[in-house]
Structures are given as C-alpha cells and as structure tokens.
Amino acid sequence: MKVRVEKLAFAYEDFRLEVGELIFPDARVTSVVGPNGAGKSTFLKCLASVLPAPPRTIFVDGRDLAALRGRERARLVAYVPQEASFTFNYAVLDFILTGRAAFLPTFGAPTSLDVALAEEALCYVGLDGQLRRSFFELSSGERRLVLIARALAQGSDVLLLDEPTSFLDPRHEVETMALCRRLADEKGKTIIVTLHNLEMAVRYSDGMVFMKNGRVVASGPPRQTLSEPLLRSVYDMEMRIVECAGWVFFAK
Amino acid sequence: MTGSASKTRAWLTWAALALPVVLLVLSLNLGSYPIPLKAVWTTLTHAPATGPGAAPTPYADILFRVRLPRLLLALFAGAALAVSGASLQALFQNPLVFEFSLGISYGAAFGAALSLVFLGRAFPPQLAAFAMAVLAVLLVVLIAGRSASGIVPVLLSGIIVSALFQALLSLVEFVANPYALQALIFWLMGSLSQAAWGDLAVTLPVIGLGVLILILLRWRMNVLSLGDDEARALGVNVRREKALVIAVATLVTAAATSVTGVINWVGLIVPHLVRMAVGADNRKVLPLSAAFGASLLIVADDIARSAASFEIPIGILTSVVGIPFFIVLLKRSGRVWR
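Anyway, here's the lowdown on the structure attached to this text. (Residues numbered from 1 in each chain as written. Chains lettered and ligands numbered in written order. Predicted model: local features only at pLDDT ≥ 70, side-chain atom pairs only at ≥ 80, totals over all residues.)

1. Remarks on the overall build of chain B
Consideration 1: Helix and strand counts for chain B stand at 14 helices and zero strands.
Consideration 2: Rg of the C-alpha trace for chain B: 20 Å, near the compact-globule value of 20 Å for 338 residues, within the 12% margin.
Consideration 3: Summarising its shape, the C-alpha atoms of chain B cover approximately 65 × 60 × 35 Å along the three principal directions.
Consideration 4: Each of the 338 residues in chain B was classed as buried or not, and the buried ones make up 47%.
Consideration 5: Pairs at least 24 residues apart make up 76% of the contacts formed inside chain B by residues separated by at least 6 positions. (Helix = DSSP H or I, 4+ residues; strand = E, 2+ residues; numbered from the N terminus. Rg over C-alpha atoms; globule rule 2.2 N^0.38 Å. Buried ≥ 20, exposed ≤ 12 C-beta atoms within 10 Å, placed from the backbone. Contact = placed C-beta atoms within 7 Å.)

This is the structure:
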C-alpha cells in the first residue's frame, strides 16, 4: 500500500515538524535518516497515529488516516517502537497476540486462529518454538524480532519501524534489516524505517529520506540521492562516501 | 508444555476458582456457636421448604441472618478488591497501584462516613462512597497530569489524595457524636459484621456485575498494560477503554468499602501472588485474583470471628497477616512483577 504525505505540520513544545509532499511506494523499504532531534521518530509516530497528525495530511492507499477509526487504522498501519518498555513480563505468545487487538471486540479474547497467526509470525522472524518464553528473558535482538512478529500478526500492509537496529550487534543489525527487506519482497509490505546506520540504509533500502530540524532535506533512491555535500549539510560534519566491491561506506 | 502438564494446570485452575465456594460452605459452621457441617447442609437444603411463615430454628437463624450474609459479603468484597487491584495495576502499568494507593479506599470511606454520620443513611452510602472514590481518582489523574502513566507521579498523587481524604475522614470523626463515632471507627477498621440482607441486595449485584465486566475485559488489559502509545497504535480506543476500567474498578471498590469499611492490601497482595504463580497474562490473573481475593477474605473473616472471644476487625487482620506474608514472598521470589 502506498503512503502519501501532504503538507504535514505537527508541533509540540518548541519542536515543529513540517513535511511537504512525500510518497512511500508500495512494497518498498524506505529509510528515514538524519541526526538526533531531526524529527524522524516524531514523523514516524505521526504516520502511526500515535501522535495526532492533522486531517488530510497522511493517506494510506488513498484513505485519510486521521478520518479512520483506531481499529481500521491499525489494520492498515503497524508501528514497531524502538523498545518494548512495558512493566509486566508476558510470555512471547501473549505479547504477540496483542497485535490482534484491532480484530477483536472490546470484550473479546484471541481465538485459536489468532494463536495460529501469532505462531506463523514468530516462525517468519526465525524464532519458532519460543512462544512460551518470557519476554524479559529474550536478548535485545530477539526482542526486536518479537516486536516485528507482533506487527506481522497485526496483518497491516504498512510497517513503521522506529530505529529497529539501535543497540544491536552487527549480526543482529544485518538480520533485522534483511528481515525488513524480505517483508517487502516476499510479503509486499511497505516498510518505513528510521535509522542511524547509513550503510544499512543504503544496502537494504529502495529509498531514503533525509531529515534535519523537522524538515525533509532530500529524498529518493539511495545512490542517486547521496552526496557528500548533502551529508555535510544534514550532519554538520565532513563525511566521505567510499564505494568498494559494490558496497557503500561512510568515512567520518 | 506437555499435554498432561497442561491438563494438570487446567485442573488446578478450576480447583482454584471453586475454592471460595468450598471455603464459604465450610466457614458456615465456624463461629462462637459452632454448627456441625451436617446440620449446616440440612438447614441450607431444607430452608426453601420451610416457608416464610415458619418459625426459624436456631441454626437457620444463625446461618441465614448472621453467617451467610457476612460470608457472601466476604466473597464478593474480596473478589472486588483483588480484581480492581489487578485491573488498576494493568491499566497504570504499575504493580504498586491498588485502590489504596490511588486514594479510592479513603475516598470511598469518606463518602460512606459522610452518609452514615450526617445523613443517617438517607443518602445511600454506596452512592456517596462511589462519588467520593471517583473524585479521588480524578484528583490523582489531575495531579499526575501528563505523567499519569508514570509509576512515581501516580503513586505520589495517590499518597497526596489519600492523605487529603484521610484528613477529611478525621474531620467527620471529630464532629461526629460519640455513638456515631464508635460505630464509624469500628467500621473504618474493616468489618463484615454489618452485613445485612438489605445492604447486600444493593451491593452484591453491583459488585457482581462490576467484577464480571472487569473479568470480561481481562485480555484487553494485556493490551492496555503496554502503555497508551502502543495500545493506540494497536487500534485500541485508549481513552474510552481506560475510562471504562477505572469507572468499574472504582465502582466495585466503593460498593465493597461502603459496607465493609477500609480493608487494605487485598488489592495489592492477591494479584502479585497470582502473577507469581501463573505469570502476567491477565486472562488468568483476573479470574484467579477474584477467586483468591474472595478466599482470602473468607479465611480472614473466619479468623476474625473465631480466634478470640471478641471480633477482630478484618482490616487489621489483612494488614497484620498480609504484610509480613508479602515481604517473605518478595524476598523469596525475584519474579514479583511478572
């Protein structure tokens, strides 16, 4: 499903987010990058309706997100937070099942069909057989995968991931981004991910959006958009783009 | 989990759910005037045939006028306090929240005391208790403000509001006449001795319906316990569903408190014990909290009316027995919040 942003403006305290026209194509991975405080997470939370974006500014498959009820919206868009920060230690299965909330009545509970979907989602992220483990026993990398599995169980076509690779070791970083890639290629999900790791963004994304001070500075396919002057203006530091054996690196 | 282990677990769950009913029946023979279990059974099963015009036997008089109403009240009030504690903990994502720490108990006690001392029950104490309990929660949410999902702001606000209502309660005690004061103090320490069918006719259906609603919302509480942002992203109408849970939890606590007085710790201890035993899933935590809360209060009432020649206020018992028990459990288990 295509996500379209039109003249989005959102402000809180002394921060202001302003995004003019932006399109996230269907079944593609788009990375939103930029320095700390650029507004990446705020933008993602607006796309997820965690923060209230004004009406007629975000459209998913042509539907105004602000005009939809919570349930309808959650069936279109799933949000994967940077970290799970809940108090109670649920079993992995119980946690993933919360992704089915949009499909269940207020007084309802998950059925065997929901459990089957949760199991399938966990298998897809490579954690089969971990349903009964408690969430707090999992490693950081496994927790991220469980968060993604919950978004999969939610069945939404658009997945928004807030810095899914932060604090992960290189192996888990690559695994998480490769999973995002597979979700777009195999399941046709539209993936929007905020990232700090530019190498990962170039390697796994179809498009990149550069943000600074709450605004989009540049956007487009990675290799066509990237330039050293752009990096300098976004990060306020000198960076060299080094290409080696088809890979792109950033020398700082 | 193997098939036999899950079957055993299912049996244990059903046994736990049946426990309060078994305890209630067994407790009917306890008290200053012991009644053999066989006589309890005969009296209970023959009561409907006796008819309203027939003179009650001493056994029937004790059972129907004294013991059955107070044990039913223990069952319902225990379930109400434990379920509302478990619900509020899930909702505020805070294992230290319960009706006392949110000011609900003292709000309800103040409302009921106002009604008892000044209005002579002209204004239903349940309604007065509920109104003040709602006011207490609103004050806590208002004081905590935007940090209402944070552990410390909610607890601090709850302490402030509890202190306010305790002070107002003291004011009522100060101006109450000596006879009303004596009754009020005994009631405030928590007692089931005031259980009368007239009060129960109002209180028990309210508690029963409220507990049922909270239990039906048990899975939703798993979602709400993840925090407002996540619940919203998962498609939940957070404001509406939180308001529903808070209103019902406040209602059942206020309804129980208006008849039993202040009985603390049940709403904190029982959900923690249940979580230690079965994990954090509210689908299990809520029904089992209801069962163990009811059982705890029935046993506490048995002790209250059998341990000494006088009746020990049940609120004192739950605190004196509950707190050390809870400390031991805290020391022995590192899985308290799970």
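2. Looking at the interface of chain B and chain A
Consideration 1: Listed per partner, the contact involves 28 residues of chain B and 27 residues of chain A.
Consideration 2: Among the secondary structure elements, those contributing two or more residues to the side of chain B that touches chain A are helix H9 (218-224) and helix H10 (228-233) of chain B.
Consideration 3: Its residues placed into classes, the side of chain B that touches chain A shows twelve nonpolar, eight polar and eight charged. (Nonpolar A, V, L, I, M, F, W, Y, C, P; charged D, E, K, R; others polar.)

3. Overview of the pairing of strand E2 (residues 15-24) of chain A
Remark: a regular strand shows side chains that alternate across the two faces of the sheet.
Residue and element names in this part refer to chain A.
Consideration 1: Across nine bridges, the pairing between strand E1 (residues 3-12) and E2 is antiparallel. In the strand pairing of E2, Val3 is matched with Phe24.
Consideration 2: Between E1 and E2, which pair antiparallel and follow one another directly, the connecting turn spans two residues, one of which, Glu13, has a positive phi of 45°. (Pairing = 2+ DSSP bridges.)

4. Thoughts on unusual backbone geometry
Consideration 1: Even without being glycine, Ala27(A) reaches a positive phi, approximately 55°.
Consideration 2: With respect to the helices and strands, the residue Ala27(A) is situated in the loop between E2 and strand E3 (29-33).
Consideration 3: Residue Ala27(A) is classed as partly exposed on the basis of its 17 C-beta neighbours within 10 Å.
Consideration 4: A positive phi angle, near 50°, is found at Gln93(B), a position not held by glycine.
Consideration 5: When you line up the elements, Gln93(B) lands in the loop between helix H3 (58-91) and helix H4 (104-118).

5. Looking at the pairing of strand E9 (residues 207-212) of chain A
Residues and elements named next belong to chain A.
Consideration 1: Within E9, five of the six residues are buried, which leaves it mostly tucked inside the rest of the structure.
Consideration 2: The pairing of E3 with E9 spans four bridges and is classified as parallel. Its bridge partner lying in E9, Thr30 is registered against Gly207.
Consideration 3: Bridge analysis of E9 against strand E10 (residues 215-220) gives five bridges, and the strand direction is antiparallel. The residue of E10 that forms the bridge with Phe210 is Ala218.
Consideration 4: Counting the residues between successive antiparallel strands, the hairpin from E9 to E10 contains two residues, one of them, Asn213, with a positive phi of roughly 50°.

6. Considering the packing of helix H8 (residues 197-216) of chain B against helix H11 (residues 238-260) of chain B
Residues and elements named next belong to chain B.
Consideration 1: Direction vectors running N to C along H8 and H11 enclose 150°, while the axes themselves pass 9 Å from each other. For the element pair H8 / H11, the angle class is roughly antiparallel. The chirality of how H8 crosses H11 is left-handed. Here H8 contributes Asp199, Thr203, Val206, Ile207, Gly210, Val211, Ile213 and Leu214 to the contact with H11, which in turn contributes Val245, Val248, Ala249, Leu251, Val252, Ala255, Ala256 and Val259.
Consideration 2: Residue composition of the contact of H8 with H11, grouped by class: 13 nonpolar, two polar and one charged. (Axes fitted to C-alpha atoms, helices over the stretch in contact; angles between N-to-C directions. Parallel < 35°, antiparallel > 145°, perpendicular 65-115°, else oblique. Left-handed = near helix turned anticlockwise from the far one by under 90°.)

7. Points about the packing of H4(B) against helix H7 (residues 178-188) of chain B
All names here are of chain B.
Consideration 1: For the pair H4 and H7, the least separation of the axes is 11 Å and the interaxial angle reads 155°. As judged from the angle between their axes, H4 and H7 are roughly antiparallel. As for the relative orientation of H4 and H7, their crossing is right-handed in sense. Residues Ala109, Ala113, Leu116 and Val117 of H4 touch H7, and the partners they reach there are Ala180, Leu184 and Leu188.
Consideration 2: Considering only residue class, the contact of H4 with H7 consists of seven nonpolar, no polar and no charged.

8. Focus: the nonpolar core
Consideration 1: In this structure, Leu47(A), Val77(A), Ile96(A), Ala149(A), Leu160(A), Cys180(A) and Ala80(B) are the most contacted members of the largest nonpolar core, which totals 171 residues.
Consideration 2: Beyond its immediate stretch of four places on either side in the chain, Val77(A) contacts Leu47(A), Ala48(A), Val60(A), Ser156(A), Val158(A) and Leu160(A). (Core = buried A, V, L, I, M, F, W, Y, C linked by C-beta atoms within 7 Å.)

In short, shape yes, function no, at least from these values alone.
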